4 protein chains.
Amino acid sequence: MTTTSTPPSQSKSASTRRQVSSASARDALIAAAIGEFAAKGFAGARVDEIAGVAGVNKQLVYHYFENKQGLYLVALESVYAQIREKEKALSLDAMGPLEAMSELVGFSFDYLAEHPEFISLLTDENRNRGRYILASDRLKTMHSPFIEMLEATLSRGVEAGVFRAEYDAVNLYISMAGVSYFFFSNNHTLSAIFGRSLDAPSALLQRRRHVIAFVLNALRP
Amino acid sequence: MTTTSTPPSQSKSASTRRQVSSASARDALIAAAIGEFAAKGFAGARVDEIAGVAGVNKQLVYHYFENKQGLYLVALESVYAQIREKEKALSLDAMGPLEAMSELVGFSFDYLAEHPEFISLLTDENRNRGRYILASDRLKTMHSPFIEMLEATLSRGVEAGVFRAEYDAVNLYISMAGVSYFFFSNNHTLSAIFGRSLDAPSALLQRRRHVIAFVLNALRP
Amino acid sequence: MTTTSTPPSQSKSASTRRQVSSASARDALIAAAIGEFAAKGFAGARVDEIAGVAGVNKQLVYHYFENKQGLYLVALESVYAQIREKEKALSLDAMGPLEAMSELVGFSFDYLAEHPEFISLLTDENRNRGRYILASDRLKTMHSPFIEMLEATLSRGVEAGVFRAEYDAVNLYISMAGVSYFFFSNNHTLSAIFGRSLDAPSALLQRRRHVIAFVLNALRP
Amino acid sequence: MTTTSTPPSQSKSASTRRQVSSASARDALIAAAIGEFAAKGFAGARVDEIAGVAGVNKQLVYHYFENKQGLYLVALESVYAQIREKEKALSLDAMGPLEAMSELVGFSFDYLAEHPEFISLLTDENRNRGRYILASDRLKTMHSPFIEMLEATLSRGVEAGVFRAEYDAVNLYISMAGVSYFFFSNNHTLSAIFGRSLDAPSALLQRRRHVIAFVLNALRP
DNA sequence: CATGAATGAGTCTTCATTCAT
DNA sequence: TATGAATGAAGACTCATTCAT
């Protein structure tokens, strides 16, 4: 299942079918919402369009999510939940610090490459000054294991003498994420300014190699 | 000067006043538009609001810019023109490569710190898939001197043996800009996730130091 | 320069040029107005468009004609004046009643064929319930010689025994005009309904022959 | 039924009321639209006014007809549908050719006399150069039985030796319709020019007699 | 649960007209 | 005279949301 929100438990027998249908209708709405909000932002997205893409009646938006904002919040929670899920799958324990760090940088890059909707929704949320992320208890408790993995890898590397000691994990995280994120989030304006197609597969591969080298070089003692 | 090229004020009494008044209505609209579009995006911005903030009649938007999109385009051109203007003021010739690179990284950081509207407009433009930047001849010809300065500084440093030779200038630019840009563009969500106020002055200063160190470290041979 | 392009002030002596230019500006406005009002009706016509087509400043409309309605009235008077002028050129005295009547019918047809704007303006004026024609003293005193010519021709023919005596001139006029007018005024819907191109030159010629024959046949004793 | 196809009334209590209510909102809009468009033309008509007259919310115009043009098209189809309906009720088979022709001419006159909105909408549509009638499949397939009745009556009369053989049915139709149509469509300007009240009941009756006589006289061998 | 109808508060845009020079 | 700037009133159209069944 792509979303996390568990529907409220119902015990009526006949409602089984309804639950199935409900769950899929609800999920379809969330999936459609992620696409619409990512493509057009909160203000530009249309409830009608979301319902249409999901193939359900518009009223269900209000039934499940109260209003457009409620749907937006759930969509945001959903994309965060997805990345958290993927992050948990990372297992760095068997790797040395250099390899582990390389894995972390690569993961950051790859996830953004494959999930443009994550970038778009984050972007919109930042224009809202983080209104929803701050209002959502679920989001606040949805701790990322990534920063802890990064911290642990950094420590291991410092101790092993392969990483500089001067960086704190949060700043390192922001730099590591930033070199990938900015490439994707501003791909169109960068392409226009430099007159290069930065969304071409070859440009992507080249960029991926660059960001790993760049971060690891910066970490050298 | 904040808006598009306006003729310098002249001292002829009669005609000047008219020109000034005309220019100021137009300029006031552009300034207000930058603020509105930055705060709410294209879809969320309200023509009424822009005119109200500018203190002029709403219909002047249509008189001067044809429609909301026209105003948006001019606002976008305006913020690009501003940064290009500042970039031209950079003079690195008297500096050694290390100092010059440090200056470039610091400039990137400082400009974004002082111009959140630049970030917001770029962000929105990227959600539009760069539609306006591609459509604007003015924007396409508004070449940035920055990338050439970076290229020159990089070459100087490589020749002097203080920089690695492996980076190409565009990728280096994106990394250098990204470590600052991402910090500002995603400040709210990062603050929420890390439970830190990354917009506090001290966090800003600390980040500034980090990005300069990070980039220069990555450049070491 | 982005602001108002100040026109080079010309202080050439002769007001002659201005007067000449005035007269032609006024005429140009009337000509453009006839075209616009004919093409789009009073409500659909745009003052800006009229001024643009005439190549003069919009303000002149208000200077010469007070407002849009004033211009419309003058345009209407103008097309009436034109047809009155043409009607005066008809000289039937040397013809027999049959030939004269044929001439009158042919004239009605030809004038409408050549002056679609006359039809369009009359049409719009009728939708206004004749508001302007009733309000205009000029139009009310712009007597048509046509109806008197028709009356005289009819009398001559009745006396000569070649026309029936039963028709009164006004009804005859309306019938004679109607068989041509309806063909032109409703040419598009008639073409669509009958699936024929009634605006083709051959259809026009055929129609012309028909209306003359039809009216003369109806007049036979 | 006056408006476009409405679902046949059913007798289930609940659903019927809804359908009726739905249908009536739609029908009320069409009826109001016919009046407004006839009175002021497409450009002059106001959506607000139409909704107000219909007593429904303005936005239902967009709900049912997409936009102003869509409503205009349906209004046009509606008036065409009305006349087609009436035409079908004509039964000429039991009459001789003279009586039948007289019936056809009288019908043309009477329908226009009773349906000024039909004239007005046709007029506006012709100013549009038949744009809507050409775009509407419904209108193109809404064949008129009138022209076939006229053709049959003409043939019968020619064979019986009471009508001239020279007229083709389309030209005859245009002449027959034109002598009535022009009288009504241009009633106001004609009244003004001739200084007669051509919309008085007596003038109407007199005109009716004239057009029948005129057409039948023209048809005599 | 599901659905189309309905609505009110906007939202961009137009346009005739006036102002200032 | 002539012109661009400016304006108020209104117009078409949108959209999140609610109602009724």
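Residues numbered from 1 in each chain as written. Chains lettered and ligands numbered in written order. Predicted model: local features only at pLDDT ≥ 70, side-chain atom pairs only at ≥ 80, totals over all residues. Heavy atoms only, no water.

Naming follows an unreviewed UniProt entry, where chain A appears as TetR/AcrR family transcriptional regulator of Corticibacter populi.

Attention now moves to the UniProt feature "DNA-binding region" (unreviewed entry) in chain A. Taken from the UniProt record, the annotation "DNA-binding region" (unreviewed entry) applies to residues 46-65 of chain A. The span residues 46-65 of chain A shows a helical share of 75% and a strand share of 0%, and its end C-alpha atoms are spaced 15 Å apart. (UniProt positions renumbered as here; feature names shortened; annotations may be inferred. Helix = DSSP H or I, 4+ residues; strand = E, 2+ residues; numbered from the N terminus.)

Judged by nonpolar contacts, the single largest core of 143 residues is most densely connected at Phe37, Tyr173, Ile174 and Leu219 of chain C together with Phe37, Tyr173 and Leu219 of chain D. Apart from the residues within four sequence positions on either side, Tyr173 of chain D is in contact with Leu190 and Phe194 of chain C together with Phe146, Ile147, Leu150 and Gly178 of chain D. (Core = buried A, V, L, I, M, F, W, Y, C linked by side-chain atoms within 4.5 Å. Buried < 20%, exposed > 50% of the residue type's maximum accessible area, 1.4 Å probe, protein only. Contact = heavy atoms within 4.5 Å.)

What follows concerns the interface of chain C and chain D. Taken residue by residue, the interface counts 56 residues in chain C and 56 residues in chain D. Around 4,800 Å² of area is buried between chain C and chain D when both sides are counted, 61% of it from carbon and sulfur atoms. Where Arg127 of chain C meets Asp124 of chain D, a salt bridge forms, and the shortest distance between an N and an O atom there is 3.2 Å. Along the contact surface separating chain C from chain D lie 27 residue pairs in polar contact (both at pLDDT 80 or more). Elements represented by at least two residues in the side of chain C that touches chain D include exactly α1 (15-44), α4 (68-88), α6 (116-127), α7 (131-135), α10 (169-185), α11 (187-194) and α12 (201-219) of chain C. At 13 residues, the largest contribution of residues to the side of chain C that touches chain D is made by α10 of chain C. Of the residues belonging to the side of chain C that touches chain D, the class tally is 28 nonpolar, 16 polar and 12 charged. (Buried area = accessible area lost by both parts, 1.4 Å probe. Salt bridge = Lys/Arg side-chain N within 4 Å of Asp/Glu carboxyl O. Polar contact = N/O pair within 3.5 Å; in protein donor to acceptor, adjacent residues only side chain to side chain. Nonpolar A, V, L, I, M, F, W, Y, C, P; charged D, E, K, R; others polar.)

A separate point is the relation of the copies chain C and chain D. Superposition of chain C onto chain D requires a rotation of 180° combined with a translation of 0.0 Å along the rotation axis, giving an RMSD of 0.1 Å. The superposition of one copy onto the other is thereby described by a two-fold rotation axis. Closest approach to the rotation axis among the C-alpha atoms of chain C is made by Ala218 of chain C, whose C-alpha sits 1.9 Å away. (Least-squares fit on C-alpha atoms with pLDDT ≥ 70 in both.)

Taken together, a rotation about one axis and a shift along it account for how the two chain copies relate. Overlaying chain A on chain B yields an RMSD of 0.1 Å, the required transformation being a rotation through 180° with an accompanying axial translation of 0.0 Å. Here 100% of the interface residues in chain A have copies in chain B that are interface residues too; the copies meet face to matching face.

Bringing the protein's contact with DNA strand F into the picture now. In the vicinity of DNA strand F, 33 residues are found, and the nearest of them are Arg46 and Lys58 of chain A, Gln59 and Tyr64 of chain B together with Lys58 of chain D. When the atoms of DNA strand F within 4 Å of the protein are sorted by group, sugar and phosphate make up 63%. In the environment of DNA strand F, a phosphate oxygen lies 3.0 Å from a nitrogen or oxygen atom belonging to the backbone of Lys68 of chain A. In the model, a phosphate oxygen of DNA strand F is placed 2.4 Å from a nitrogen or oxygen of the Tyr64 of chain B side chain. Only α3 (59-65) of chain A, α1 (13-44) and α3 (59-65) of chain B, α1 and α3 (59-65) of chain C together with α3 (59-65) of chain D provide two or more residues apiece to the surface near DNA strand F. Here the surface near DNA strand F gets four residues from one element, more than from any other, and that element is α3 of chain B. The class makeup of the residues in the surface near DNA strand F is 10 nonpolar, 15 polar and eight charged. (Near = heavy atom within 4 Å.)

Along its 14 residues, helix α9 (residues 146-159) of chain B runs 20 Å from first to last C-alpha, staying within 8% of the 20 Å computed at 1.5 Å per residue. Listing the buried residues of α9 of chain B in full gives Phe146, Ile147, Met149, Leu150, Thr153, Leu154 and Gly157 of chain B. All buried residues of α9 of chain B fall inside an arc of 155° around its axis, so they share one side. In α9 of chain B, the exposed positions that point more than 90 degrees away from the buried face belong to Glu148 and Glu159 of chain B. The inward-facing, buried residues of α9 of chain B abut α11 (187-194) of chain A together with α4 (68-88), α5 (97-114), α10 (169-185) and α12 (201-219) of chain B. Positioned one or two residues after α9 of chain B, Gly161 of chain B has a phi angle of 75°, which is positive. (Expected span 1.5 Å × (residues − 1). Arc of directions from axis to C-beta.)

Let us look at the packing of aromatic side chains. Taken as a whole and assessed by the stated rule, the structure comprises 70 aromatic pairs over all chains. Here Phe37 of chain C and Tyr72 of chain C contribute two aromatic rings whose centre-to-centre distance is 5.0 Å and whose plane-to-plane angle is 90°, an arrangement assigned as edge-to-face. With Phe37 of chain C in helix α1 and Tyr72 of chain C in helix α4, this residue pair connects regions lying 35 residues apart in the sequence. The pair formed by Phe37 of chain C and Tyr72 of chain C is uniform in burial state, with each residue classed as buried. Aromatic rings pair up to connect Tyr80, Phe107, Tyr111, Phe118, Phe146 and Tyr173 of chain A together with Phe194 of chain B into one cluster. (Phe/Tyr/Trp six-rings, centres within 6.5 Å; stacked < 30°, edge-to-face > 60°.)

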